[in-house]
Amino acid sequence: MASATVSAPFPHRHLLAIEGLSRADILQLLDEAEAWVETGRHARKHDDRLAGLTQVNAFFEASTRTLLSFEIAGKRLGADVVNLVASQSSLKKGETLLDTALTLNAMRPDVIVIRHESSGAVALIAEKVDCPVINAGDGRHEHPTQALLDALTIRRRKGRIEGLKVAICGDILHSRVARSNFHLLAALGAEVRAVAPPTLMPHGVERLGARPFTRMDEGLAGADVVMMLRLQLERMDGAWVPSTREYFATFGLTEARLAHAAPDVLVMHPGPMNRGVEIASSVADDIQRSAITEQVEMGVAVRMACLDLLTRARRAERP
Ligand code: NCD
């Protein structure tokens, strides 16, 4: 069975953010993930290097694809994968985050994957447990495996990342996907643009390495990659956009708008998509230009690489 080759140890205990990773760290994760793509395409997808290890996926915020992706990745590596989802947890009964962390830790997991609605919550838990922690998205902060899978998708389609014009468009203010991508794309030398209405553009986006645009046509001009973001209605407690119809009219990705981008533009979206709000169905379903389902496939490979790399030190302790 095809599998990733054993490379140098990963120099971090946890994967909490892209910020703070070196270019070499990012490339190591991408190169290892590349090898796992092949494994996923075989009928028999198992490489049991995590056999005997317990992987806990603790998801305190709704998720379908990310949870499924981490679960499939762990199972392909032979781990015992257990899911804890918020609706069933004691957090609903008022248990503090730290008590939850201590409870999880007492069951002696070998890796914990956490999604939480509060920025910083995952790092807090990571300090209290004895095993590696992977951030599967914390509030508006970061979603490192999403940026890695986006980078793997771009690199495979375009052959490189350095020098590409990447336009990240939409609800940047509330997006952990955008933040992780800004850090990663800057580290790998892409020319990054942040395209959003003024109400959804974070202050100081230039400090994250992105050039701001408040008009879609200008932001898309000559872009090699267009990454659309979902309007995060659950993180909006006021009127950030006049209406979703108005939003689509000015910021929705339509065929006509996409004509401003490079002819061989790659269209991406982390999902879940709001068709007719941030992206037209005809663009999302365009099999030539859209890489949206490929992103999902790359997600499993990236998560296998992360689980493998972060548990390597523990596996070395136990023959
Ligand atoms: C993203 C997330 O949860 O941050 N989705 C995902 O991980 N597939 C983006 C989003 O929810 O819009």
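Cut-offs and rules
- Residues numbered from 1 in each chain as written.
- Predicted model: local features only at pLDDT ≥ 70, side-chain atom pairs only at ≥ 80, totals over all residues.
- Heavy atoms only, no water.
- Helix = DSSP H or I, 4+ residues; strand = E, 2+ residues; numbered from the N terminus.
- Expected span 1.5 Å × (residues − 1).
- Buried < 20%, exposed > 50% of the residue type's maximum accessible area, 1.4 Å probe, protein only.
- Polar contact = N/O pair within 3.5 Å; in protein donor to acceptor, adjacent residues only side chain to side chain.
- Near = heavy atom within 4 Å.
- Nonpolar A, V, L, I, M, F, W, Y, C, P; charged D, E, K, R; others polar.
- Salt bridge = Lys/Arg side-chain N within 4 Å of Asp/Glu carboxyl O.
- Disulfide = S-S within 2.5 Å.
- Core = buried A, V, L, I, M, F, W, Y, C linked by side-chain atoms within 4.5 Å.
- Contact = heavy atoms within 4.5 Å.
- Pairing = 2+ DSSP bridges.
- Axes fitted to C-alpha atoms, helices over the stretch in contact; angles between N-to-C directions.

K.L.:
Help me out: how do you make sense of helix H6 (residues 176-187) in this one?
P.N.:
Given 3.6 residues per helical turn, the α-helix brings residues three or four places apart onto the same face. Over its twelve residues, H6 runs 17 Å from end to end, which matches the ideal 16 Å to within 8%, given 1.5 Å per residue. Most of H6 is tucked away: nine of the twelve residues are buried. What H6 keeps buried is the set Arg 176, Val 177, Ala 178, Ser 180, Asn 181, Phe 182, His 183, Leu 184 and Leu 185. Structurally, the start of H6 carries an N-cap: the backbone nitrogen of Val 177 is 3.3 Å from a side-chain oxygen of Ser 175. Once H6 finishes, Gly 189 follows within two positions and takes phi at roughly 85°, a positive value.

K.L.:
Can you help me understand the site of the ligand in this one?
P.N.:
Every residue lining the ligand is accounted for by Arg 65, Thr 66, Arg 115, His 143, Gln 146, Arg 176, Val 177, Arg 230, Gln 232, Pro 270, Gly 271 and Pro 272. Within the side chain of Gln 232, an N or O atom sits 2.7 Å from an oxygen atom of the ligand. When residues of the shell around the ligand are traced back to their parent elements, those giving at least two are helix H2 (65-76) and H6. Among the residues forming the shell around the ligand, the class breakdown is three nonpolar, five polar and four charged.

K.L.:
Can you help me understand unusual backbone geometry in this one?
P.N.:
Where the residue is not glycine, phi is negative for most of them; where a peptide bond is considered, it is trans in most cases. Cis geometry is found at the peptide bond from Gly 271 to Pro 272, where omega equals -5°. Backbone geometry at Arg 108 places phi at a positive 55°, although glycine is not the residue there. By the element assignment, Arg 108 lies in the loop between helix H3 (97-106) and strand S3 (111-116).

K.L.:
Please clarify how the pattern of salt bridges should be interpreted in this entry.
P.N.:
Two side chains with opposite charge may pair up if their charged atoms get near one another. Tallied over the full model, the rule gives 20 salt bridges. Glu 255 is the partner of Arg 289 in a salt bridge, and the nearest nitrogen-oxygen pair spans 3.0 Å. Taken together, the residues span a long stretch of sequence, with Arg 289 in the loop between helix H10 (281-284) and helix H11 (292-317) and Glu 255 in helix H9 (residues 255-258) at a distance of 34 residues. Each of Glu 32, Asp 47, Arg 49, Asp 308, Arg 312 and Arg 315 takes part in salt bridges that share partners, so that together they form one network.

K.L.:
How should I be thinking about the environment of Phe 60 in this particular structure?
P.N.:
Along the polypeptide, Phe 60 turns up in the loop between strand S1 (54-59) and H2. Under the relative-accessibility criterion, Phe 60 is labelled buried at 7%.

K.L.:
So what exactly am I meant to see when it comes to the state of the cysteines here?
P.N.:
Chemically, a disulfide is nothing more than a covalent bond linking the sulfur atoms of two cysteines. One pass over the full model with this rule turns up zero disulfides. Lacking any disulfide linkage, Cys 131 is separated from the closest cysteine sulfur, that of Cys 306, by 15 Å. Under the relative-accessibility criterion, Cys 131 is labelled buried at 0%.

K.L.:
Sorry if this is basic, but what is going on with the nonpolar core here?
P.N.:
Side chains that are nonpolar tend, in soluble globular proteins, to be buried together. With 90 residues, the main nonpolar core has Leu 148, Phe 182, Val 226 and Leu 253 as its most contacted residues. At eleven residues, the largest contribution of residues to this core is made by H11. Excluding residues within four positions of it along the chain, Phe 182 makes contact with Ile 168, Ile 172, Val 192, Ala 194, Val 205, Leu 208 and Ala 210. Membership of the second largest hydrophobic core comes to 16 residues, among which are Ala 58, Leu 97, Ile 114 and Val 122.

K.L.:
In this structure, what is going on with the sheet that holds strand S7 (residues 210-213)? I would like to understand it.
P.N.:
The strands making up a sheet are joined through hydrogen bonds of the backbone, oriented either antiparallel or parallel. Taking strand neighbours across the sheet as the criterion, the five strands line up as S7-S6-S5-S8-S9 in an open arrangement whose pairing is parallel. In this open sheet, the two strands that pair with only one neighbour each are S7 and strand S9 (266-268). For this sheet, the mean inter-axis angle between neighbouring strands, taken without regard to orientation, is 20°. Bridge analysis of strand S8 (residues 225-228) against S9 gives three bridges, and the strand direction is parallel. Each residue of the ladder has a partner; that of Met 227, found in S9, is Met 268.

K.L.:
Help me understand the side chain of Gln 295, please; the structure alone is not making it clear to me.
P.N.:
Looking at where Gln 295 falls in the secondary structure, it is placed in helix H11. Relative accessible area serves as the criterion here: at 2%, Gln 295 is assigned to the buried category. Residue contacts for Gln 295: discarding those within four places in its chain leaves Gln 146, Leu 149, Asp 150, Thr 153, Met 268, His 269 and Pro 270.

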